[in-house]
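# Observations on the three-dimensional arrangement
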Amino acid sequence: PALISFTPLEEARQAINSVRQVAGLNQMSWADLVPGGPIPQVNGVVAASHITSLRVALDSALAALSISVTPYTYPAAPGTPIRLVDITELQGRTQ
């Protein structure tokens, strides 16, 4: 399996926080996004729960801005691989 760099994941979190700020919502740290779970880090593991948490944080911000949310290409269910499209969809929805 391909390795996912921490940088695009962190950039997605920061972009999502920008959208949340515009929506009047609190910004989310990794500890907020995955309470009690492993926090992604450089040379660490990226789990489906990280992608799911980012999606929820972004989707709630978009809903607060009355922007419709379309389904994601793949579910981020536990045990499923993380794909490039999982990251690019998050990036695209913050633009």
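Each remark here, short or long, concerns the structure printed above.
As the structure is a computational prediction, the values presented were derived from the model and not from experiment.

## Quick look at the overall build of the protein
A tally of regular secondary structure across the protein gives four helices and zero strands. Tracing the protein from N to C terminus, the helices and strands come up as α-α-α-α. For 95 residues, the compact-globule formula gives about 12 Å, and the C-alpha radius of gyration of the protein, at 13 Å, lands near that figure. Referenced to the eigenvectors of the C-alpha coordinate spread, the extents of the protein come out at roughly 35 × 25 × 20 Å. Here the protein holds 95 residues, and 37% of them are scored as buried. Sequence separation of at least 24 residues holds for 60% of the intrachain contacts in the protein that already meet a minimum separation of 6. As presented, the protein carries roughly 5,600 Å² of accessible surface, and 59% of it is formed by carbon and sulfur atoms.

## Points about the packing of helix α1 (residues 6–22) against helix α3 (residues 48–64)
Across the interface, α1 lies against α3 with an axial gap of 9 Å and an inter-helix angle of 20°. With respect to α3, the element α1 is oriented roughly parallel. α1 and α3 meet at a crossing whose hand is left-handed. For the pair α1 and α3, the contacting residues are L9, R13, I16, V19 and R20 in the first and I51, L54, A57, L58, S60, A61 and L62 in the second. Of the residues that constitute the contact of α1 with α3, the class distribution is nine nonpolar, one polar and two charged.

What counts, and where the lines are drawn
Residues numbered from 1 in each chain as written. Predicted model: local features only at pLDDT ≥ 70, side-chain atom pairs only at ≥ 80, totals over all residues. Heavy atoms only, no water. Helix = DSSP H or I, 4+ residues; strand = E, 2+ residues; numbered from the N terminus. Rg over C-alpha atoms; globule rule 2.2 N^0.38 Å. Buried < 20%, exposed > 50% of the residue type's maximum accessible area, 1.4 Å probe, protein only. Contact = heavy atoms within 4.5 Å. Areas by Shrake-Rupley, 256 points an atom, 1.4 Å probe, with all protein chains shown as cover. Axes fitted to C-alpha atoms, helices over the stretch in contact; angles between N-to-C directions. Parallel < 35°, antiparallel > 145°, perpendicular 65-115°, else oblique. Left-handed = near helix turned anticlockwise from the far one by under 90°. Nonpolar A, V, L, I, M, F, W, Y, C, P; charged D, E, K, R; others polar.

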